[in-house]
Each structure stands twice: as structure tokens, then as C-alpha cells.
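Below, each chain spelled out in residue letters.
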Amino acid sequence: MPNQSIREMLMGLTKEQLVEIIEMHSKSCIALDGVWFQSIEREEGMDAAMRHDANAWERFTVTEAKRIKAFLGLGEHPGLDGLEKALCYRFYANLNEHEFEREGNRLVYTMRKCRVQAARERKGMPFHPCKSVGILEYGGFGSAIDDRITCRCLSCYPDVTDETCCCKWEYTLAE
């Protein structure tokens, strides 16, 4: 096996093993994000951690969206159908529970369970005040999928307006 490439090794795995590896790597990415954030939070405080988090997510989310868009072959203007499909392929999508509601030129994306907030709660830490970063992340993802899409926060910590979910985002397609 030493002469086998990683790609060749992956090609030899079962679908179940591939899904398990995807889940493992998704958890590792979320853990890495949390570890670096908490390191800054401990040493420099929440404001500094949030500033660095915003910078990272603003850049990362566009990169992730472009890769997913290309992988799915979505084309230049895939609209809300393309966005809904793309959101399901985000690196953490398989770890969180989400749902969609569609009405005309509007798509509501609701995160029912969030691994990040659950981990902070489990550790006795305050919830992550993710709304400001979420606006950059979810808005940037939507507009990278289709530049006619805008995003608005409906509910996200610390501005929770819907107690039944972790966060809720409204995407609108300009016509």
C-alpha cells in the first residue's frame, strides 16, 4: 500500500466508509474552526475573536461556494434552486440539522441544530454571538452562488426571534 495514492485508496473504499470519512473530516473542520476561535477568545477576548472570525468566514464562504457551484455544475445564475442544492453540500451540512421553506422568490434556510452552539453549551461556555459573522457567511455564500441573491437574518444569536431554531436566514432572488 505505500505506493498507492490517497485517491487510489479512497477509490477502494465502500460508500459507507466514504460517508464515514466525510463525517470525520467535517467534524475535524468544525473542531479546527472552534479551536482557533477559542484560542483567540481566551488570549485576546471575544471582540478580537469575532473580528478574526469575520475575516476568515468572509473569505472562506466565497471559496467554498465557488467550489460547490463548480462541482454541481450550477452555471452563472442558478437562482434559489441552485442555492438550496449548494447549501446541502457545505462542509458542515451533514453535521447540523437544517430545513428549507420556499415561497416565490424567497428561500428560508433554518438551522434546527447547530454543532457549534451545542458544543459551547456542553462545555458550559456562553453561546457564540454568531449573527454578525453569519451575515457575512450566509450572505457571501448566497451571492457567490448567484449574484442576484441577497440574504437577511431572521433569527440568530444574540438576536433570537425564533426560539425553535438556532438560526434562520431569508434569501431573496432579485428579478
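Every value quoted in this text rests on a predicted model; they were computed, and no experiment measured them.

Calculation criteria
- Residues numbered from 1 in each chain as written.
- Predicted model: local features only at pLDDT ≥ 70, side-chain atom pairs only at ≥ 80, totals over all residues.
- Heavy atoms only, no water.
- pLDDT = per-residue confidence, 0-100.
- Helix = DSSP H or I, 4+ residues; strand = E, 2+ residues; numbered from the N terminus.
- Core = buried A, V, L, I, M, F, W, Y, C linked by side-chain atoms within 4.5 Å.
- Buried < 20%, exposed > 50% of the residue type's maximum accessible area, 1.4 Å probe, protein only.
- Contact = heavy atoms within 4.5 Å.
- Patch = residues over 30% accessible without salt bridge, like charges linked within 9 Å, V, L, I, M, F, W, Y side chains within 5 Å.
- Areas by Shrake-Rupley, 256 points an atom, 1.4 Å probe, with all protein chains shown as cover.
- Salt bridge = Lys/Arg side-chain N within 4 Å of Asp/Glu carboxyl O.
- Axes fitted to C-alpha atoms, helices over the stretch in contact; angles between N-to-C directions.
- Parallel < 35°, antiparallel > 145°, perpendicular 65-115°, else oblique.
- Left-handed = near helix turned anticlockwise from the far one by under 90°.
- Nonpolar A, V, L, I, M, F, W, Y, C, P; charged D, E, K, R; others polar.
- Polar contact = N/O pair within 3.5 Å; in protein donor to acceptor, adjacent residues only side chain to side chain.

**Section: the confidence of the model for the protein chain**
- A residue-level look at the protein chain finds 99% of positions with pLDDT of 70 or above and a mean pLDDT of 94.
- Element-level pLDDT for the protein chain is lowest in helix 5 (residues 115-122), with a mean of 89, against a maximum mean of 98 in helix 4 (residues 79-87).

**Considering the nonpolar core**
- Counting residues in hydrophobic clusters, the biggest one holds 36 residues, and the most contacted among them are Leu83, Tyr138, Phe141, Trp169 and Tyr171.
- In this view, Leu83 contacts Leu107, Phe141, Gly142, Ile145, Ile149 and Tyr171; residues no more than four positions away in its chain are not counted.

**A look at a nonpolar patch on the surface**
- Together, Ile6, Met9, Leu10 and Leu18 line one region of the surface with nonpolar side chains, adding up to about 320 Å² of accessible area.
- Top element by residues in the nonpolar patch is helix 1 (residues 6-11). It accounts for three residues.
- Residue position: Met9 is located in helix 1.
- We classify Met9 as partly exposed; its relative accessible area is 33%.

**Some points on the packing of helix 2 (residues 15-44) against helix 5**
- Two elements in contact, helix 2 and helix 5, have axes whose closest approach is 11 Å; the angle formed by their N-to-C orientations is 55°. Comparing the axis directions of helix 2 and helix 5 gives the class oblique. Considering how the two elements wind past one another, helix 2 and helix 5 form a crossing that is right-handed. Only Arg115, Val116 and Arg120 of helix 5 make contact with helix 2, whose side of the interface consists of Lys27, Ile30, Phe37, Gln38 and Glu41.
- Class assignment of the residues belonging to the contact of helix 2 with helix 5 gives a composition of three nonpolar, one polar and four charged.

**Quick word on the side chain of Glu137**
- The topology assignment puts Glu137 in helix 6 (residues 131-145).
- A polar atom in the side chain of Glu137 sits 2.6 Å from the side chain of Tyr92.
- Once residues lying within four places of it in the same chain are set aside, the contact partners of Glu137 are Trp57, Thr61, Arg90 and Tyr92.

**Regarding the environment of Arg112**
- When you line up the elements, Arg112 lands in strand 2 (residues 106-113).
- The class of Arg112 is partly exposed, set by a relative accessible area of 26%.
- Separated by 13 residues in sequence, Arg112 and Glu99 have C-alpha atoms that sit 7.4 Å apart.

**Details of the pattern of salt bridges**
- By the definition in use, this model includes 12 salt bridges.
- Across the salt bridge formed by Arg90 and Glu64, the nearest N and O atoms sit 2.8 Å from each other. Within this pair, whereas Arg90 is found in the loop between helix 4 and strand 1 (97-103), its partner Glu64 is found in helix 3 (residues 46-72), the two being separated by 26 residues in sequence. Assigned by exposure class, Arg90 and Glu64 land together as buried.
- With its nearest N and O atoms 2.3 Å apart, the salt bridge here joins Arg106 to Glu170. With Arg106 in strand 2 and Glu170 in strand 4 (residues 167-173), this pair connects stretches of sequence that are 64 residues apart.
- Since its relative accessible area comes to 10%, Glu170 is described here as buried.
- One salt-bridge network, in which partners are shared between bridges, spans Glu64, Arg90 and Glu137.

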